[in-house]
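Chain and residue survey
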Amino acid sequence: MHPYQRHIVDLLLQQSPRRYAELKPVDVEGNIFSHHLKKLIKEELVAQLSPGSYALGKAGRKLAGNVSATTGEIRSQQKILVEIALQNEQGEWLLFERGREPYRGLIGFPAGRRHAGETLLEAATRDITEKAGITPELRFAGTLSFTIHQEHELYNFVETHIFAGKTTKPNFEEGLLGTPMWMDLGNKDLNAKPFFPGLAEVYQHIISTEKPSFCEYHIEVNADFSEYQSKLIPL
């Protein structure tokens, strides 16, 4: 973001709406300032309420929740997911190979974002129906938080609400989002490609925890996702 645009957004984050004269620095030419203001309006970061009066726009209000009140830095916000662990009569687990980034080509439990207005259970039911075409009975099994770094840089930051259940063994078709499949996880190395970082922790949580609980993990992955190192963070 251009420094002039950042100046405008910073002022509106502190107080919105403001007058044009409050937003424009005295040492900036009017045509240059207006050019940057129009770009912010086009991107919906700023909205013009009336001639000479401006406020945060739709995108600006969303941005406000991601900006530190003390430093002004735009922070990475944790993604809220639902994750579904289903097992069939043969003891296999329903997994999903992602067809898009992030984690394209990697395999994990079906997971997706919660939509506005959904309960966690509604989100989990919708997601497994979209990805596998089934609507099983689900029980809440707990929540895991993951901070994932790739070569010491933040790659993903998620909190996943896990639902578990049993189901029959239907046949699947490959979809746009990826490919569902059945797999026995008992003899697999889950801390390396082709599995998602965090799959091992979710799997262990499901098979070893009787009551819903919360755990937090820090995971380091190498450049090609061929190895993961996980650390449980004490609460």
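The structure we're discussing is the one just above.
This write-up is about the structure you can find in this document. Treat the numbers as computed from the prediction; the structure is a model and nothing was measured.

Turning next to the pattern of salt bridges. Considering all chains together, one arrives at five salt bridges under this definition. E118 is the partner of R126 in a salt bridge, and the nearest nitrogen-oxygen pair spans 2.6 Å. Judged by relative accessible area, which is 18%, R126 ranks as buried. One salt bridge in this structure joins R126 and E130, with 3.3 Å as the shortest N-O distance. On the criterion of helical spacing, the pair formed by R126 and E130 is a turn pair, its members being four residues apart in helix α5 (residues 120-132). Residue class for E130 comes out partly exposed when judged on its relative accessible area of 48%. A network of salt bridges, in which partner residues are shared, links E118, R126 and E130.

Of all nine residues that make up strand β4 (residues 79-87), seven are buried, and the element is covered over most of its length. Pairing between β4 and strand β9 (residues 153-166): nine bridges, direction parallel. By the bridge assignment for β9, I84 is matched with F163. The pairing of β4 with strand β7 (residues 111-113) spans three bridges and is classified as antiparallel. Its bridge partner lying in β7, L81 is registered against R113.

Once that is clear, we can look at the side chain of S53. Tracing the chain through its elements places S53 in strand β3 (residues 53-56). Each residue touching S53, except ones within four places of it in the same chain, is listed here: P17, R18, R19, A47 and Q48.

Attention now moves to the sheet that holds strand β2 (residues 46-50). Here we have three strands laid out as an open sheet, ordered β1-β3-β2, and antiparallel in their pairing. The outermost strands of the open sheet, each flanked by one partner alone, are β1 (18-19) and β2. Contacting β1, β2 and β3, helix α1 (residues 3-14) runs over the sheet at an angle of about 80° to β3. Those strands touched by helix α3 (residues 30-42) are β2 and β3, and its axis lies near 100° from that of β2.

Going from S16 to P17, the amide bond is cis rather than trans, its omega being 10°. With an omega of 15°, the peptide bond running from K193 to P194 counts as cis. On the secondary structure map, P194 appears in the loop between β10 (178-183) and α6 (199-208). Phi at E44 is positive, roughly 65°, even though this residue is not glycine. Within the secondary structure, E44 is located in the loop between α3 and β2. In this structure E44 comes out as partly exposed when scored by relative accessible area, which is 44%. In this model, H152 sits at a positive phi of 75°, which is unusual for a non-glycine residue. Along the chain, H152 turns up in the loop between β8 (139-150) and β9.

Rules of the game
- Residues numbered from 1 in each chain as written.
- Predicted model: local features only at pLDDT ≥ 70, side-chain atom pairs only at ≥ 80, totals over all residues.
- Heavy atoms only, no water.
- Salt bridge = Lys/Arg side-chain N within 4 Å of Asp/Glu carboxyl O.
- Buried < 20%, exposed > 50% of the residue type's maximum accessible area, 1.4 Å probe, protein only.
- Helix = DSSP H or I, 4+ residues; strand = E, 2+ residues; numbered from the N terminus.
- Pairing = 2+ DSSP bridges.
- Contact = heavy atoms within 4.5 Å.
- Axes fitted to C-alpha atoms, helices over the stretch in contact; angles between N-to-C directions.

So, to be careful, I would describe these as geometric facts and stop short of saying anything about function.
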